[in-house]
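The chain contents come next:
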Amino acid sequence: MQQPVVLVTGANGEIGRALLERLHREGKYRVVTVDLTPLPERLRPMCLETYAGNIMDRYLLDQIAAHHEIEVVFHLAALLSTRGERDPELAHQVNVEGTLHLMRVAQNQSGRLGRAVRFIFPSSIAVYGMPSVAEKATAGRVREDLYNLPITMYGCNKLYCEQLGRYFAHHYRQLGALAGAARLDFRSIRFPGLISAETVPTGGTSDFGPEMLHAAAQKHPYTCFVGPDAKIPFMTMPDAVRALLMLLEADPKKLTTTIYNIGAFSASAREIADRVKAAFPGAQIDYQPDPVRAKIVDSWPEDVDDTRARDDWGWKPSYDFARAFDEYLVPGIANRYRAGRTS
Ligand code: SER
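### Quick look at the packing of aromatic side chains
For any pair of aromatic rings, the description consists of the separation of the ring centres together with the inter-plane angle of the planes. Counted according to the given criterion, the structure contains 12 aromatic pairs. With centroids separated by 5.9 Å and ring planes inclined at 35°, the aromatic side chains of F121 and F186 adopt a geometry described as tilted. Here F121, found in strand β5 (residues 118-124), pairs with F186, found in strand β7 (residues 185-191); they are 65 residues apart in sequence, far enough to count as distant. Residue classification places F121 among the buried positions, given a relative accessible area of 2%. Every member of this aromatic cluster is reached through a ring pair, and the members are F119, F121 and F186. In this structure, R293 packs its charged tip against the face of F225, placed 3.6 Å from the ring centre.

Spelled out as structure tokens, the structure:
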């Protein structure tokens, strides 16, 4: 008999790797992964099966669904915001069409299992578009339903996929014979910029935070692509992964929406640089803002209002700015480079 599994797409990405380790530690779920690139050797034993392939490959997804009883999907595969501006059409294909494929697979599985497959989707602060730096400075913590005017393809893709998820969860084929069948249980989190002690992101625009830190830990000089005053919300990777699991396990009766902001701390490039220099004396950081990437960061809010997540499923970050650096990032990064891991 098949045993139910959790499917993780984009498993070889930053969130994916951290999530796999956490799922493995908890030992509660059996995990099947798919990613364009093969998982590093050390992560493979944590999974029941790993597939190297493209989420645009419908045949591959159907094969995975045929071989496993998927009861949860973490759909993490995506092209991030800077990469998406370099190739907007590809971003749309992967971020929207790929997501639609996954939703179709999960919907079919819901029908097969006779219960709603939980579909956990990482959205982003990139769905926001602040009209000006002045308004960004005065807007304070931004609620989910405000300023939904993204200026990046990635932000547009995430905003639309949140709606696609809501549609699949509540209205899919509302005219058809399947109108009463089990639908998806879609739940999404709008993540701030994420910072991991283990991995460095690629292709994002919040990358200046983690890049600065990892460069300093390796004694490399760093030229920041936004100005010192650029400020957005950030969160540690352990908090991000914890949030994914909290939302996965939240009581559906308590969920009042399919879209949740979550916050931890907000920091400017200068504040991060100061903290990095305190931890790694001699760190060399200078600023050469890239006009486009700086404009993207300016379009994201300074902070988010996460009242809904706190009220509905008890969200509370473990790491504020000080704890993030003192208890997780600085010791974790020092360990990582001392161990000399390359993957
Ligand atoms: N970290 C992402 C990016 O920079 C935002 O979700 O694109």
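### Remarks on the sheet that holds β7
Taken in spatial order, the seven strands of this open sheet run β3-β2-β1-β4-β5-β7-β11, and their pairing is parallel. Each of the sheet's edge strands pairs with one partner strand only, and the pair in question is β3 (49-52) and β11 (259-261). Between one strand axis and the next, the sheet turns by 20° as a mean value, whatever way the strands run. In the sheet, strand β1 (residues 4-9) pairs with strand β2 (residues 31-35) via four bridges, with the strands oriented parallel. If you follow T9 over to β2, its bridge partner there is V34. Across the sheet, helix α1 (residues 14-26) touches β1, β2, β4 (69-75) and β7, and the angle it forms with β1 is around 155°.

### Brief notes about the site of the ligand
Residues in contact with the ligand, as listed here, are L80, S81, S124, Y154, G204, T205, S206 and W300. Between the ligand and S81, the relevant distance is 2.5 Å, taken from an oxygen atom to a side-chain nitrogen or oxygen of the residue. In the model, an oxygen atom of the ligand is placed 2.6 Å from a nitrogen or oxygen of the S124 side chain. Look at the ligand: alone it shows 230 Å² of surface, and the protein chains cover 91% of it. Its residues assigned to classes, the shell around the ligand shows three nonpolar, five polar and no charged.

### Observations concerning the sheet that holds strand β10 (residues 231-236)
With mixed pairing, three strands are arranged side by side in an open sheet as β8-β10-β12. Two strands bound the open sheet, and with one partner strand each, they are β8 (193-195) and β12 (265-268). Going from strand to strand, the sheet's axes swing by 50° on average, the running direction of each strand aside. Sheet topology places β8 next to β10; three bridges connect them, and they run parallel. Each residue of the ladder has a partner; that of L194, found in β10, is M235.

### Here we look at the nonpolar core
V8, F74, F208 and W313 are the most contacted members of the largest nonpolar core, which has 79 residues in total. Considering each element in turn, this core owes the most residues, eight residues, to helix α8 (residues 237-249). Other than its neighbours up to four places away in sequence, F208 contacts Y222, C224, F225, V226, I232, F234, A269, I272 and V297.

### Quick word on the environment of E41
Its location among the elements puts E41 in the loop between β2 and β3. Sequence separation of E41 and N12 is 29 residues, and the distance between their C-alpha atoms is 11 Å.

### So, the environment of T99
Mapped onto the elements, T99 comes out in helix α4 (residues 88-113). Sequence-wise, T99 and K158 are 59 residues apart; in three dimensions their C-alpha atoms are separated by 9.7 Å. Excluding residues within four positions of it along the chain, T99 makes contact with H75, V94, F121 and C161. Side-chain polar atoms of T99 contact the backbone oxygen of N95, separated by 2.6 Å.

### Here we look at unusual backbone geometry
Of note, the phi angle at R173 is positive, near 50°, even though the residue is not glycine. Taking the relative accessible area as the measure of exposure, R173 reaches 48% and is therefore partly exposed. Of note in the backbone geometry, K219 takes a positive phi value of approximately 60° without being a glycine. The topology assignment puts K219 in the loop between α7 (208-217) and β9 (222-224).

### Side note on the environment of E71
With respect to the helices and strands, the residue E71 is situated in strand β4. Owing to a relative accessible area of 17%, E71 belongs among the buried residues under this scheme. With 44 residues separating them along the chain, E71 and R115 place their C-alpha atoms 8.7 Å apart. Residues in contact with E71, not counting those within four places in the same chain, are P4, V5, Y29, L113, R115, V117 and R118.

### Comments concerning the pattern of salt bridges
Applying the stated criterion across every chain yields a total of 17 salt bridges. Notably, a salt bridge pairs D145 with R143, separated by 2.8 Å at the nearest N-O pair. Here R143 falls in the partly exposed class, since its relative accessible area comes to 40%. The salt bridge involving D326 is made with R275; its shortest N-O contact spans 2.2 Å. Taken together, the positions of D326 in helix α12 (residues 321-339) and R275 in helix α9 (residues 269-279) put the pair 51 residues apart, joining distant regions of the chain. D326 gets classed as partly exposed once you look at its relative accessible area, which sits at 44%.

Rules of the game
Residues numbered from 1 in each chain as written. Predicted model: local features only at pLDDT ≥ 70, side-chain atom pairs only at ≥ 80, totals over all residues. Heavy atoms only, no water. Phe/Tyr/Trp six-rings, centres within 6.5 Å; stacked < 30°, edge-to-face > 60°. Helix = DSSP H or I, 4+ residues; strand = E, 2+ residues; numbered from the N terminus. Buried < 20%, exposed > 50% of the residue type's maximum accessible area, 1.4 Å probe, protein only. Lys NZ or Arg CZ within 6 Å of the ring centre and 35° of its normal. Pairing = 2+ DSSP bridges. Axes fitted to C-alpha atoms, helices over the stretch in contact; angles between N-to-C directions. Contact = heavy atoms within 4.5 Å. Near = heavy atom within 4 Å. Polar contact = N/O pair within 3.5 Å; in protein donor to acceptor, adjacent residues only side chain to side chain. Areas by Shrake-Rupley, 256 points an atom, 1.4 Å probe, with all protein chains shown as cover. Nonpolar A, V, L, I, M, F, W, Y, C, P; charged D, E, K, R; others polar. Core = buried A, V, L, I, M, F, W, Y, C linked by side-chain atoms within 4.5 Å. Salt bridge = Lys/Arg side-chain N within 4 Å of Asp/Glu carboxyl O.

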